Amino acid sequence: MNILAVESSCDETAVAIVRDGREVLCDCIASQVELHRIYGGVVPEIASRKHIEAIYALADQALQQTGLARKDIDAIAVTYAPGLIGAVLVGVNFAKAAALALDKPLIPVHHIRGHIAANYIAYPDLKPPFLCLVVSGGHTMIAEITDYTQMRILGTTLDDAAGECFDKVARVLGMPYPGGAALDKTAKNGDDTRYPLPRSKPGANPYDMSFSGLKTAALNLIHHAEQVGEMLDIPGLCASFSAAVSDTLVPRVVRAVEETGLKNVAIAGGVAANSRIRADLLAAMEKLGATVYMPPLSLCGDNAAMIGAQAYYEYQSGNVADMHLNAYATKSILGEQI
Ligand code: KG4
Ligand code: ZN
């Protein structure tokens, strides 16, 4: 089954064609990152406009690259939530038009389910059940993936997402948007014990997390140094910050492995590209005899291939939308059938 998948929830316009959920025939991305950089973050109106400009040409490019004709496409999939509402709407409207014109099924995909499915592409043998640490710009959670379209959330962040904190701290340090990757790179030359930063344990659920205290502590440290004219050890601060984020995430995954007995652990989302988190997770899971699944960096960030992968399983579970499909800025990953 050839699925043409569309992703436009943030600042990447992407179209991919994926066969049977696992084989990526093409993965086309038009990134807007450079455009938003001068503003220090994504400007929603500009994002929507650029998605409209790019999406038709990208779909044509996808067909050309694969040599497939429109009649060879069996379904259209699209990220329908969550994301910047104007941006998601562009993808949803394009997908509806394509499904209507080609008379093919329309498959709605939750963006975060897509991130998790990036692992199906990277690891063709990976099957549920498994645990997944989801860390992106807007989401942070530990989930038990019980089936391709069924999951149980063990814990989430109660405030900021991990990616948000990386970006905020990087921005205050003067790094270009999105700062997570730049902060990660700078951290590699730093001493991770240089600055003491908090690891908070919020609420009653041991799997829940909080990053706002860590973010505030890092920002206060930077502002205080500025005020008193103290030179900061930037690599040391980046390393200390990355260690604090990783120490918030990884022990909870360890607990999840111990409590569920699941020995397959995946990681998903843009922050899954972080070298410190990857290394710590790998080391911790090795001690437990668990197997770690980490998508290559190209599949950690936003892309349409992951949407096409998840769409295959959504379709099989009967999740098909009609022309009333809408876009949503927020929506639970557990989502009801549409
Ligand atoms: O999943 P994603 O592409 O978009 C959302 O769905 O939110 O995640 C983007 C986030 C940004 O916050 C970006 O700074 C962060 O992922 N990111 C990283 C790294 N690469 C991307 N954060 C830390 N270390 C990295 N190497
Ligand atoms: Zn994403």
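Anything mentioned here points back to the structure above.
A brief structural summary. Just so we're clear, the structure is a prediction, and the values are computed from it rather than from any experiment.

1. So, the site of ligand 1
Around ligand 1 sit 19 residues, and of these His115, Gly137, Asp167, Asp184 and Gly270 come closest. Taking Asp302, its side chain carries an N or O atom lying 3.3 Å from an oxygen atom of ligand 1. Considering only residue class, the shell around ligand 1 consists of five nonpolar, 11 polar and three charged.

2. Details of the packing of helix α5 (residues 162-172) against helix α7 (residues 212-228)
Where α5 contacts α7, the axes come no closer than 10 Å and their chain directions differ by 5°. In terms of axis orientation, α5 runs roughly parallel to α7. Between α5 and α7, the residues in contact are Cys165, Lys168, Val169 and Val172 and Lys215, Ala218, Leu219, Ile222 and His223, respectively. When its residues are assigned to classes, the contact of α5 with α7 shows six nonpolar, one polar and two charged.

3. Side note on the sheet that holds strand β7 (residues 140-147)
Taken in spatial order, the five strands line up as β8-β7-β6-β9-β10 in an open sheet, and their pairing is mixed. Looking at the sheet topology across the chains shown, the edges are occupied by β8 (150-156) and β10 (291-293). If you compare each strand with its neighbour and ignore which way they point, the axes differ by 25° on average. With four bridges joining them, strand β6 (residues 130-135) and strand β9 (residues 264-268) adopt parallel strand pairing. If you follow Leu131 over to β9, its bridge partner there is Val265.

4. Details of helix α4 (residues 111-122)
Between its first and last C-alpha atoms α4 spans 17 Å; for 12 residues at 1.5 Å apiece the expected length is 16 Å, and the two agree. With 11 of 12 residues buried, α4 is to be regarded as a mostly interior element. Taken together, the buried positions of α4 are occupied by His111, Ile112, Arg113, Gly114, His115, Ile116, Ala117, Ala118, Asn119, Tyr120 and Ile121.

5. Side note on the coordination of the zinc ion (ligand 2)
The zinc ion (ligand 2) binds to the protein through His111 (NE2), His115 (NE2) and Asp302 (OD); the donor distances cover 2.0 to 2.1 Å. The motif formed by the donor residues of the zinc ion (ligand 2), counted along the single chain, is H-x3-H-x186-D. Taken together, the residues span about one helical turn, with His111 and His115 both in helix α4 at a distance of four residues.

6. Points about the packing of aromatic side chains
Aromatic ring pairs are defined here through the distance separating the ring centres and the angle between the ring planes. Taken as a whole, this structure holds nine aromatic pairs when the rule is applied. On the basis of an interplanar angle of 90° and a centroid distance of 6.0 Å, the ring pair of Tyr80 and Tyr328 is categorised as edge-to-face. Of the two residues, Tyr80 is situated in strand β4 (residues 75-81) and Tyr328 in the segment after α11 (305-316); the sequence distance between them amounts to 248 residues. The class of Tyr80 is buried, set by a relative accessible area of 4%. For Tyr328, a relative accessible area of 31% translates into the label partly exposed. With a centroid separation of 6.0 Å and an interplanar angle of 80°, the aromatic rings of Tyr120 and Phe130 are classed as edge-to-face. Of this pair, Tyr120 sits in helix α4 while Phe130 sits in strand β6; the two residues are 10 residues apart in sequence, bridging distant segments of the chain. We classify Phe130 as buried; its relative accessible area is 0%. An aromatic cluster of at least three residues, connected via ring pairs, comprises Tyr120, Phe130, Tyr148, Tyr312 and Tyr313. The ring of Tyr195 has Arg194 lying over it, and the distance from NZ or CZ to the ring centre is 4.6 Å.

7. Focus on the pattern of salt bridges
Under the definition given, this model contains 12 salt bridges. A salt bridge links Glu53 to Lys50, with the nearest nitrogen and oxygen atoms 2.9 Å apart. You can see Glu53 and its partner Lys50 sitting in helix α2 (residues 44-66), three residues apart, about one turn around the helix. Note that Arg199 and Asp247 form a salt bridge whose closest N and O atoms lie 2.8 Å from each other. Note that Arg199 is positioned in the loop between α6 (180-187) and α7 and Asp247 in helix α8 (residues 234-260), a separation of 48 residues in sequence. On the basis of relative accessibility, which here comes to 36%, the residue Arg199 falls in the partly exposed class. Among the residues examined, Asp247 registers a relative accessible area of 32% and is labelled partly exposed. One salt-bridge network, in which partners are shared between bridges, spans Asp192, Arg276 and Asp280.

8. Observations regarding unusual backbone geometry
In the segment running from Ala81 into Pro82, the intervening peptide bond is cis, with an omega of -15°. Inspection of the secondary structure puts Pro82 in the loop between β4 and α3 (85-102). Although it is not a glycine, Asp20 sits at a positive phi angle of roughly 50°. Relative to the helices and strands, Asp20 resides in the loop between β2 (12-19) and β3 (23-31). Using a relative accessible area of 35% as the deciding quantity, one classes Asp20 as partly exposed. Positive phi outside glycine occurs at Asp103, with the angle close to 55°. Tracing the backbone through its elements, the reader meets Asp103 in the loop between α3 and β5 (106-110). The class for Asp103 is exposed, based on a relative accessible area of 66%.

What counts, and at which threshold
- Residues numbered from 1 in each chain as written.
- Chains lettered and ligands numbered in written order.
- Predicted model: local features only at pLDDT ≥ 70, side-chain atom pairs only at ≥ 80, totals over all residues.
- Heavy atoms only, no water.
- Near = heavy atom within 4 Å.
- Polar contact = N/O pair within 3.5 Å; in protein donor to acceptor, adjacent residues only side chain to side chain.
- Nonpolar A, V, L, I, M, F, W, Y, C, P; charged D, E, K, R; others polar.
- Axes fitted to C-alpha atoms, helices over the stretch in contact; angles between N-to-C directions.
- Helix = DSSP H or I, 4+ residues; strand = E, 2+ residues; numbered from the N terminus.
- Parallel < 35°, antiparallel > 145°, perpendicular 65-115°, else oblique.
- Contact = heavy atoms within 4.5 Å.
- Pairing = 2+ DSSP bridges.
- Expected span 1.5 Å × (residues − 1).
- Buried < 20%, exposed > 50% of the residue type's maximum accessible area, 1.4 Å probe, protein only.
- Donors = N, O, S within 2.8 Å, 3.2 Å for Na, K, Ca; no water.
- Phe/Tyr/Trp six-rings, centres within 6.5 Å; stacked < 30°, edge-to-face > 60°.
- Lys NZ or Arg CZ within 6 Å of the ring centre and 35° of its normal.
- Salt bridge = Lys/Arg side-chain N within 4 Å of Asp/Glu carboxyl O.

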